[in-house]
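Report on the structure
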Amino acid sequence: MLTATAYALTALIALGLIFIGARFLLVPRAAAAGYGVPTAPGAGITPYLAVKGDRDIGFGLVALALLIAAPAHALGWFLVAAASMPLGDMLIVLRNRGPRATAYGIHGATAAVMLAVAAALLLA
């Protein structure tokens, strides 16, 4: 039961990453504001936001591929490593004086969920 729940949560994480990445590609300024570090109008940083979108979509697809083709332990270790991304995002938001609620409540919580799911997969 725990493994099935971990697989389902991994699928949600992967689909969430793909959704967030697509948002950064389609509406980059709104996505940046939701991320916790809004951009100034005319700031010209849209290419960097696209890079974030591309990264998130890519990692979401890797997670789905591992979910389909890899054993639970491999997927678990991937999630341990991938949890560094939301932790880094949390630090970026805090360093840029973004909302602490966003830093901890979105990015920190995402990392905690990823690590909990990883633990469940590693114990499977």
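What comes next is a walk through the structure. (Residues numbered from 1 in each chain as written. Predicted model: local features only at pLDDT ≥ 70, side-chain atom pairs only at ≥ 80, totals over all residues. Heavy atoms only, no water.)

Observations concerning a nonpolar patch on the surface
The line we're drawing: A patch is a set of surface residues, each over 30% in relative accessible area and not in a salt bridge, joined within 9 Å for like charges and within 5 Å for the nonpolar side chains Val, Leu, Ile, Met, Phe, Trp and Tyr. Areas reported as accessible are Shrake-Rupley estimates using a 1.4 Å probe. Residue values count occlusion only from the protein chains shown. Only one rule defines a salt bridge in this text: a Lys or Arg side-chain nitrogen within 4 Å of an Asp or Glu carboxyl oxygen. Working definition: with a 1.4 Å probe on protein chains only, accessible area under 20% of the residue-type maximum means buried, over 50% means exposed, and in between means partly exposed.
A cluster of nonpolar side chains, contributed by Leu25, Leu26 and Val27, occupies part of the molecular surface with about 290 Å² of accessible area. For leucine 25, a relative accessible area of 43% puts it in the partly exposed group.

Describing the side chain of threonine 10
Under the convention used in this document: Numbering goes from the N terminus for both helices and strands, where a helix is a DSSP run of H or I of at least four residues and a strand is a run of E of at least two. Any N or O atom pair separated by 3.5 Å or less is treated as a polar contact, with the protein-specific requirement of one donor-capable and one acceptor-capable atom, and with residues adjacent in sequence counted only for side-chain atom pairs. Residue contacts follow a heavy-atom distance rule, with two residues in contact if any of their heavy atoms lie within 4.5 Å.
Within the secondary structure, threonine 10 is located in helix H1 (residues 2-26). Take threonine 10: its relative accessible area is 1%, and that puts it in the buried class. Within the local environment of threonine 10, its side chain forms a polar contact with the backbone oxygen of alanine 6, the two atoms lying 2.8 Å apart. Not counting the four nearest positions on each side in its chain, threonine 10 is found in contact with Leu67, Leu75, Leu79, Val117 and Leu121.

Describing the side chain of histidine 107
Checked against the element boundaries, histidine 107 lands in helix H6 (residues 100-122). Under the relative-accessibility criterion, histidine 107 is labelled buried at 7%. With residues near it in sequence (within four places) discarded, histidine 107 still touches Tyr35, Pro86, Asp89, Met90, Val93 and Thr102.

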